Amino acid sequence: MNHELDQHDQHLDGDQLRAIFTQHGLRMTRQREAVYRALCTNRNHPTAEQLLAEVHQIDPEVSQATVYNTLDTLVECGLANRIPASTSGGACRYDADIHEHVHLVLDDGRILDVPQDLSKRLIDSVPDALLAELGERLGVTCSGIKIELSGV
Ligand SMILES: [Zn+2]
């Protein structure tokens with residue numbers, strides 16, 4: 001189990017958080033800390049609006065722009081993933097779990113994480129030959145697999 005998985009499940013003290021930020025080339029500020037903590041705590045793939053509301057409970061001074069900018073920064077640094085609006089049906093959603101995993105999108109808009117072992121089996125089940133053929137036919141290189149399942 002590596003660092004990023006731990007941070008999702010435990011309460012991090014300031015030093016641990018600072019170390020994670022430093023590892024990803026990011027300076028820790030009060031606002032970044034608040035946004036990241038809110039994202040790590042919320043396992044439901046929240047929208048920026050939901051995170052703003054959570055951050056405001058701790059620090060009402062943080063602006064909407066700061067939350068959006070901070071989320072952009074966290075995604076750029078590899079500390080969070082953005083789930084595009086097109087697939088989740090509404091606003092972009094965010095995920096502090098940066099491990100490769102499959103999402104199951106429910107009719108009511110909830111996004112569930114498929115357990116790590118099942119995610120791996122799903123992703124591994126896509127044949128390399130198929131990816132190679134697809135790459136050839138479209139003239140691109142497939143660099144990764146993102147699988148999204150639907151459910152009720
Ligand atoms: Zn997820």
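Residues numbered from 1 in each chain as written. Predicted model: local features only at pLDDT ≥ 70, side-chain atom pairs only at ≥ 80, totals over all residues.

Enquirer: Summarise the environment of Glu-76; cite the residues concerned and give the values.
Expert: The topology assignment puts Glu-76 in helix α5 (residues 64–76). Taking C-alpha positions, Glu-76 is 9.6 Å from His-24, a pair spaced 52 residues apart along the chain. (Helix = DSSP H or I, 4+ residues; strand = E, 2+ residues; numbered from the N terminus.)

Enquirer: Which residues make up unusual backbone geometry, and what values go with them?
Expert: In this structure, His-45 is a non-glycine residue whose phi angle is positive, near 55°. Along the chain, His-45 falls in the loop between α3 (30–41) and α4 (48–58). With 23 C-beta atoms counted inside 10 Å, the residue His-45 sits in the buried group. (Buried ≥ 20, exposed ≤ 12 C-beta atoms within 10 Å, placed from the backbone.)

Enquirer: Run through helix α8 (residues 128–138), naming residues and quoting values.
Expert: A small share of α8 lies buried, amounting to zero of its 11 residues. Backbone geometry just after α8 places Gly-139 at a positive phi near 70°.

Enquirer: So, the confidence of the model for the protein chain: which residues are in play, and what are the values?
Expert: Chain-level statistics for the protein chain give a pLDDT mean of 88 and a share of 91% at 70 or above. Element-level pLDDT for the protein chain is lowest in helix α1 (residues 3–9), with a mean of 46, against a maximum mean of 96 in α5. (pLDDT = per-residue confidence, 0-100.)

Enquirer: Outline the environment of Thr-47, listing residues and values.
Expert: The residue Thr-47 is located in the loop between α3 and α4 in this model. A tally of 19 C-beta atoms within 10 Å means that Thr-47 is categorised as partly exposed. Considering only alpha carbons, one finds Thr-47 and Arg-37, 10 residues apart in sequence, at a separation of 14 Å. If near-sequence neighbours (up to four positions away) are discounted, Thr-47 is found in contact with Ala-91, Cys-92 and Arg-93. (Contact = placed C-beta atoms within 7 Å.)

Enquirer: How would you explain the nonpolar core if you had to name every residue and give the values?
Expert: Counting 16 residues, the largest nonpolar core has Val-35, Leu-39, Leu-51, Leu-71 and Ala-80 as the members making the most contacts within it. Secondary-structure elements contributing two or more residues to this core are α3, α4 and α5. Ranked by residues supplied to this core, first place goes to α3 with six residues. Residues contacting Ala-80, with those up to four places away along its chain left out, are Leu-39, Leu-71, Leu-74, Val-75, Tyr-94, Asp-95, Ala-96 and Ile-98. (Core = buried A, V, L, I, M, F, W, Y, C linked by C-beta atoms within 7 Å.)

Enquirer: Go over the packing of α4 against α5, please, and point to the residues and values.
Expert: Running from N to C, α4 and α5 point in directions that differ by 120°, and their axes come no closer than 10 Å. Comparing the axis directions of α4 and α5 gives the class oblique. Note that α4 runs across α5; the crossing there is right-handed. Here Ala-48, Leu-51, Leu-52 and Val-55 of α4 come into contact with α5, specifically with Gln-64, Val-67, Tyr-68 and Leu-71. (Axes fitted to C-alpha atoms, helices over the stretch in contact; angles between N-to-C directions. Parallel < 35°, antiparallel > 145°, perpendicular 65-115°, else oblique. Left-handed = near helix turned anticlockwise from the far one by under 90°.)

Enquirer: So what's going on with the sheet that holds strand β4 (residues 111–113)? Which residues, and what values?
Expert: Strand order in the open sheet made by the three strands is β4-β3-β5, with mixed pairing throughout. Strands at the two margins of the open sheet, each flanked by one partner only, are β4 and β5 (148–151). Direction aside, neighbouring strands of the sheet carry axes that sit 30° apart on average. Where strand β3 (residues 103–106) and β4 come together, three bridges link them in antiparallel fashion. Among the inter-strand pairings, His-103 is bridged to a residue of β4, identified as Asp-113. (Pairing = 2+ DSSP bridges.)

Enquirer: Can you lay out the packing of α3 against α5 for me, pointing to particular residues and giving the numbers?
Expert: Interhelical geometry of α3 versus α5 gives an angle of 75° and a closest axis separation of 10 Å. Judged by the angle between their axes, α3 and α5 are roughly perpendicular. Of α5, the residues touching α3 (which contributes Gln-31, Arg-32, Val-35 and Tyr-36) are Thr-66, Val-67, Thr-70, Leu-71 and Leu-74. Of the residues contributing to the contact of α3 with α5, the split by class is five nonpolar, three polar and one charged. (Nonpolar A, V, L, I, M, F, W, Y, C, P; charged D, E, K, R; others polar.)

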